[in-house]
Amino acid sequence: MWFLIGTFSRWALFAGLLVAVGALAFKLVVLRRYPGFGPVEDEAAGVTPERLAARLGGFAVLLAGAGALGRLAAEVSIFRDPFEPLAAEVRLLVTGTSWGRAWLAQVAAVVVSGLAFALALASARGARAEFGWMVATAGVALLAYTPALAGHAVGAEHFVTPAITADIFHMVAGGVWLGTLAVMAGVLYLGRRRGAGVSKRRIIEWISAFSPLALGSAAVIAVTGLFAAWLHVGTVSALWTEPYGRTLSLKLFVVLAVAGCGAYNWRRAPGRVGESGDPPRLPPTVTVELSAAGLLLLVTAVLTGTPPPAH
């Protein structure tokens, strides 16, 4: 039971972090180049892409916070001494271990990011909104730093600092690719629900701004993933003889599936949007890519809970 709680808690943490990074990338890169819902402003009742992205970012950090609380519960259940008071065990874990200090930083990052996204949502545009986005960037950057401090990277026998750095870049790149795609899809869906029309031209422009981000992020994910595999697996045979290696092999298979969907969408999505009806929509293959990404994060959650053979 606690294995499942720990696994789904890590999934929630990773999913929330990726979408939070995606909200920032969408706002700071895509919307900076192509603001608004279309060439003719048709935003309804104060519904803007910036506010919808802030809403999604706030929900994402709440999901990450729920994941952090679930991880704490799972860790306490695994290492708890039944003869010691529960409060004392929790206090010892949180304040007396490196895992606990990373967890505290995680919670602080969730609180700061959540409040910052709420400020950006409430202020719509202007100096207060920009300040909210700036603080959210700092909070999410701290949140992206914490998983590496409580995972396999910090326990590596060699190259600890490069391992932590690679983990951070791996996570952030995943957010810039898959998180931005999720936020873009979420903004379009929420915009339609709230009566704000989105032009085909604007969707195609958002895709054109997003595509270089996705391609660059995919390259970073490949490089950092190979480095982590070399560092943690030890031998090639461990990819099919060890539980960690078999899970990593499954992750690589899912990554290839996600990358295949991404390559298809990169080539075909603008044309599919242009051929869509009214209101325009992203092609169904985007939903397939995001669903595969959710599965990828679940496999990653299992992988990060499995001891590497090289440690």
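Data block above holds the structure.
Below: a short report on this structure. A quick note: this is a predicted structure, and the numbers were derived from the prediction, not measured.

Considerations on the overall build of the protein chain
Scanning the protein chain from terminus to terminus reveals 10 helices and zero strands. Going residue by residue from the N terminus, the α and β elements of the protein chain occur as α-α-α-α-α-α-α-α-α-α. Compactness check: the protein chain gives a C-alpha radius of gyration of 20 Å against a globular reference of 19 Å for 311 residues, within 12% of the reference. Looking at the protein chain residue by residue over its 311 residues, the buried ones come to 47%. The long-range fraction of contacts in the protein chain, counting pairs at least 24 apart against all pairs at least 6 apart in sequence, stands at 78%. Counting every atom, the protein chain has about 14,700 Å² of accessible surface; 70% of that belongs to carbon and sulfur. Both charge centroids of the protein chain, one from 24 positive and one from 16 negative side chains, sit 7 Å from each other.

Structural notes on helix α6 (residues 160-193)
A rise of 1.5 Å per residue sets the reference length of α6, with its 34 residues, at 50 Å; its end C-alpha atoms lie 47 Å apart and thus fit the reference within 8%. At Val-176, α6 shows its maximal bend, which comes to roughly 30 degrees. A positive backbone phi angle near 80 degrees is found at Gly-195, which sits one or two residues after α6.

Thoughts on the side chain of Thr-146
Here Thr-146 shows up in helix α5 (residues 127-149). Residue class for Thr-146 comes out buried when judged on its relative accessible area of 1%. Among the polar contacts made by the side chain of Thr-146, one reaches the main-chain carbonyl oxygen of Leu-143 at a distance of 2.8 Å. Apart from the residues within four sequence positions on either side, Thr-146 is in contact with Ala-102, Ala-105 and Gln-106.

Focus on the environment of Leu-24
Along the chain, Leu-24 turns up in helix α1 (residues 2-33). Note on Leu-24: relative accessible area 8%, which makes it buried. Between the alpha carbons of Leu-24 and Ala-301 there is a distance of 23 Å; along the sequence they are 277 residues apart. Not counting residues up to four positions away in its chain, the partners in contact with Leu-24 are Val-29, Phe-117, Trp-133, Ala-136, Thr-137 and Val-140.

Thoughts on a nonpolar patch on the surface
There is a patch of nonpolar side chains on the surface, built from Phe-3, Leu-4 and Phe-8 and spanning about 340 Å² of accessible area. With respect to the helices, strands and loops of the structure, Phe-3 is situated in helix α1. You can call Phe-3 exposed: its relative accessible area is 51%.

A word on helix α9 (residues 243-275)
Across its 33 residues, α9 extends 46 Å between first and last C-alpha, which sits within 8% of the 48 Å expected from 1.5 Å per residue. The axis of α9 is deflected most strongly, by about 55 degrees, at Arg-268, and proline Pro-270 appears within four residues downstream.

Remarks on the packing of helix α3 (residues 86-96) against helix α4 (residues 98-123)
For any two helices packed against each other, the geometry comes down to the angle between their axes and how far apart the axes lie. Running from N to C, α3 and α4 cross one another at 85 degrees; their axes reach a closest spacing of 5 Å. Judged by the inter-axis angle, α3 sits roughly perpendicular to α4. For the pair α3 and α4, the contacting residues are Leu-93, Val-94, Thr-95 and Gly-96 in the first and Trp-99, Gly-100, Arg-101, Trp-103 and Leu-104 in the second. Considering only residue class, the contact of α3 with α4 consists of five nonpolar, three polar and one charged.

Considering the pattern of salt bridges
Overall, the coordinates contain three salt bridges when judged by the stated rule. Residue Arg-202 pairs with Glu-205 through a salt bridge whose shortest N-O separation is 2.2 Å. Taken as a pair, Arg-202 and Glu-205 lie in helix α7 (residues 200-233) at a separation of three residues, close to a single helical turn. Like Glu-205, Arg-202 is buried.

Things to note about the nonpolar core
Core analysis: the largest hydrophobic core is formed by 62 residues, its most contacted members being Phe-26, Phe-37, Phe-117, Val-187 and Trp-206. Listed by contribution, the elements that provide at least two residues to this core are α1, α2 (49-79), α4, α5, α6, α7, α9 and α10 (284-304). Broken down by element, this core gets its largest block of residues, 12 residues, from α1. Contacts of Phe-117, omitting those with residues within four sequence positions, involve Ala-20, Ala-23, Leu-24, Ala-54, Gly-57, Gly-58, Val-61, Trp-133, Ala-136 and Val-140.

Points about the packing of aromatic side chains
Taken as a whole and judged by the stated rule, the model has four aromatic pairs. Ring plane angle 85 degrees and centroid distance 5.2 Å describe the contact between Phe-26 and Trp-206, whose orientation is recorded as edge-to-face. One end of the pair, Phe-26, is in helix α1; the other, Trp-206, is in helix α7, and 180 residues separate them in sequence. For the pair Phe-26 and Trp-206, a shared accessibility class is recorded, and that class is buried. A connected cluster of aromatic rings, assembled from ring pairs, spans Phe-159, Phe-227 and Trp-230. Across the ring face of Trp-266, the terminal group of Arg-267 is positioned such that the distance to the ring centre comes to 5.7 Å.

Considering the environment of Ala-141
Structurally, the position occupied by Ala-141 is in helix α5. The class of Ala-141 is partly exposed, set by a relative accessible area of 49%. Considering only alpha carbons, one finds Ala-141 and Ile-168, 27 residues apart in sequence, at a separation of 9.2 Å.

Cut-off values and rules
Residues numbered from 1 in each chain as written. Predicted model: local features only at pLDDT ≥ 70, side-chain atom pairs only at ≥ 80, totals over all residues. Heavy atoms only, no water. Helix = DSSP H or I, 4+ residues; strand = E, 2+ residues; numbered from the N terminus. Rg over C-alpha atoms; globule rule 2.2 N^0.38 Å. Buried < 20%, exposed > 50% of the residue type's maximum accessible area, 1.4 Å probe, protein only. Contact = heavy atoms within 4.5 Å. Areas by Shrake-Rupley, 256 points an atom, 1.4 Å probe, with all protein chains shown as cover. Lys, Arg positive; Asp, Glu negative; His and termini not counted. Charge placed at Lys NZ, Arg CZ, Asp CG, Glu CD. Expected span 1.5 Å × (residues − 1). Bend = angle between axes of the 7 residues up to and from the residue. Polar contact = N/O pair within 3.5 Å; in protein donor to acceptor, adjacent residues only side chain to side chain. Patch = residues over 30% accessible without salt bridge, like charges linked within 9 Å, V, L, I, M, F, W, Y side chains within 5 Å. Salt bridge = Lys/Arg side-chain N within 4 Å of Asp/Glu carboxyl O. Axes fitted to C-alpha atoms, helices over the stretch in contact; angles between N-to-C directions. Parallel < 35°, antiparallel > 145°, perpendicular 65-115°, else oblique. Nonpolar A, V, L, I, M, F, W, Y, C, P; charged D, E, K, R; others polar. Core = buried A, V, L, I, M, F, W, Y, C linked by side-chain atoms within 4.5 Å. Phe/Tyr/Trp six-rings, centres within 6.5 Å; stacked < 30°, edge-to-face > 60°. Lys NZ or Arg CZ within 6 Å of the ring centre and 35° of its normal.

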